[in-house]
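The primary structure of each chain is shown beneath.
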Amino acid sequence: MYIQAVYWSMGKTSFQKVTVSLPEDVFQLANSYRENHNMDLNDVFVLALRTLRQRELAEGYKALASEQNNTLDGALVDSGLTEVLESTEW
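So, how was this worked out
Residues numbered from 1 in each chain as written. Predicted model: local features only at pLDDT ≥ 70, side-chain atom pairs only at ≥ 80, totals over all residues. Heavy atoms only, no water. Helix = DSSP H or I, 4+ residues; strand = E, 2+ residues; numbered from the N terminus. Buried < 20%, exposed > 50% of the residue type's maximum accessible area, 1.4 Å probe, protein only. Contact = heavy atoms within 4.5 Å. Salt bridge = Lys/Arg side-chain N within 4 Å of Asp/Glu carboxyl O. Patch = residues over 30% accessible without salt bridge, like charges linked within 9 Å, V, L, I, M, F, W, Y side chains within 5 Å. Areas by Shrake-Rupley, 256 points an atom, 1.4 Å probe, with all protein chains shown as cover. pLDDT = per-residue confidence, 0-100. Expected span 1.5 Å × (residues − 1).

Some details on the overall build of the protein chain
Within the protein chain one finds three helices and two strands. If you list the helices and strands of the protein chain from N to C, you get β-β-α-α-α. When burial is assessed residue by residue, the protein chain has 9% of its 90 residues classed as buried. A sequence separation of at least 24 residues applies to 10% of the contacts in the protein chain between residues at least 6 apart.

With respect to the pattern of salt bridges
One side chain can pair with another of opposite charge once the charged atoms of both are near each other. Scanning the entire structure with this criterion turns up two salt bridges. Of the charged contacts, one joins E59 and R55 as a salt bridge, the two residues approaching to 3.9 Å between their closest N and O atoms. Residue E59 and its partner R55 are both found in helix α2 (residues 41-71); the two are separated by four residues, about one turn of the helix. E59 gets classed as partly exposed once you look at its relative accessible area, which sits at 47%.

Concerning a nonpolar patch on the surface
Together, V18, V20, L22, V26 and F27 make up a nonpolar patch on the protein surface, roughly 350 Å² of accessible area in all. For F27, the location among the structural elements is in helix α1 (residues 24-37).

Re the side chain of N31
Following the sequence through the fold, N31 ends up in helix α1. Residue N31 is classed as buried on the basis of its relative accessible area of 18%.

Comments concerning the confidence of the model for the protein chain
Confidence in the prediction for the protein chain averages 77 pLDDT; 62% of positions are at 70 or higher. Mean pLDDT per element in the protein chain: strand β1 (residues 4-10) is the minimum at 58, and α1 is the maximum at 95.

A short note on α1
The first and last C-alpha atoms of α1 sit 20 Å apart over 14 residues, in line with the 20 Å expected at 1.5 Å per residue. Among the residues trailing α1, N38 stands out with phi positive, at a value near 50 degrees.

What about unusual backbone geometry?
Positioned with a positive phi, N38 is a non-glycine residue whose angle comes to about 50 degrees. Here N38 shows up in the loop between α1 and α2.

In structure tokens, the structure reads:
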């Protein structure tokens, strides 16, 4: 994979221009999503990466809640965190 980064700033937001090589199927998927949702290709990748980050955070929180439930006396301590995380749409 080839990555080239260029940095610039607009006010409080910094941007990085990156060039990457994608497999054809991944590019077609992103381009199709862009067309179907009337988005810029850049916005598709930003959305995808933010969604990936949210999923990883949710998995980490679930693991932490499970660990807490396994190490503490469930009859005395029940934070309800597991149930909240399972019912939350990420």
